Amino acid sequence: MTIRAVLWDVDDTIFDYTTADRAGMRGHLTAEGLLGGFASVEQALDRWRELTDEQWARFAAGEVDWEGGRRDRVRAFLDRPLSDTEAEDWFGRYLGHYEGAWALFPDVLPVLDLLAGSHRHAVLSNSSLRVQDHKLRVLGVRDRFESVLCAAELGVSKPAAEAFHTACEALDLPPHQVAYVGDHPEIDGRGAADAGLFSVWIDRTGMSTVTPPAPDAVPGPPADRLSHPRRIVSLAELPAILRPDTRFGAPSTFR
């Protein structure tokens, strides 16, 4: 089975979102004089991440638009009523610190270079086009991707099969000829596999307790085995998985 294109998640897949978010919030809280309201810096950072996840879930359920969820996240974090303008201004000041910490993971550019001549590339993200297009441009990789598709504009988010299929249609390729690479075992890994894509779950910490079955352990023909996510811990493993006849790329330690 030939994989002709790779769809990429962005946050915590190619972009080190967790590090940037925590560094940015730490700097912002210090500048705003808000650290005294928490038992520790870590408590404040964990609360911010918890609220980020909550507001994303509301957005995915159609309960709030992208900007509204962002404003509500600020109000909940500060635990006080704010006008839309006040919430946006507070978030804007945070963004200054957050963007100052933006960085790609070190394995991203080498792999994009290796796959540039053999595979097409696009992005499918559960964010908004405005956010992710800007991010990819700042990081210097926007021109590596044919298209950037995001849940806010699509009206459907991962893990819904429709999100993955819409991205495949944008590439004019059937799902079985498209790989999806993402960091979340269910939203990305299971979602892409259930939608019929070649699913690659990157578990950068190697510490996850979620263990999908190894493809070789799944009974049935090779096509059935591809319906299960492949687990890797570095993008250096990806070329060998997509082009098994080549000699580059480290073998997966989870096969």
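Residues numbered from 1 in each chain as written. Predicted model: local features only at pLDDT ≥ 70, side-chain atom pairs only at ≥ 80, totals over all residues. Heavy atoms only, no water.

**Structural notes on the pairing of strand β4 (residues 178-182)**
Note the following rule: The cut-offs for exposure are 20% and 50% of the maximum accessible area for each residue type, with area from a 1.4 Å probe on protein chains only; residues under the lower value are buried, those over the upper are exposed, and the others partly exposed. A run of H or I in DSSP becomes a helix once it reaches four residues, and a run of E becomes a strand once it reaches two; helices and strands are each numbered from the N terminus. Pairing between two strands is assigned when DSSP locates at least 2 bridges connecting them.
Burial analysis of β4 places five of its five residues in the buried class, which makes it a mostly covered element. Side chains Val178, Tyr180 and Gly182 project from β4 onto one buried face, and the interleaved Ala179 and Val181 project onto a second face that is buried too. Across four bridges, strand β1 (residues 5-8) lies against β4 in parallel orientation. Looking at the pairing, tryptophan 8 lines up with valine 181 of β4. Pairing of β4 with strand β5 (residues 198-202) involves four bridges; the strand directions are parallel. Among the inter-strand pairings, glycine 182 is bridged to a residue of β5, identified as tryptophan 201.

**What about the pattern of salt bridges?**
Inclusion rule: The term salt bridge refers to a pairing of a side-chain nitrogen on Lys or Arg with a carboxyl oxygen on Asp or Glu at a separation within 4 Å.
According to the stated counting rule, one finds 25 salt bridges in the structure shown. Across the pair arginine 71 and aspartate 84 runs a salt bridge, and its minimum N-O distance is 3.3 Å. Highlighted residues: arginine 71 in helix α3 (residues 66-78) and aspartate 84 in helix α4 (residues 84-99), separated in sequence by 13 residues. Aspartate 84 gets classed as partly exposed once you look at its relative accessible area, which sits at 42%. The salt bridge partner of arginine 71 is glutamate 88, with a shortest N-O separation of 3.1 Å. Of the two residues, arginine 71 sits in helix α3 while glutamate 88 sits in helix α4, which places them 17 residues apart along the sequence. For arginine 71, a relative accessible area of 17% corresponds to the buried category.

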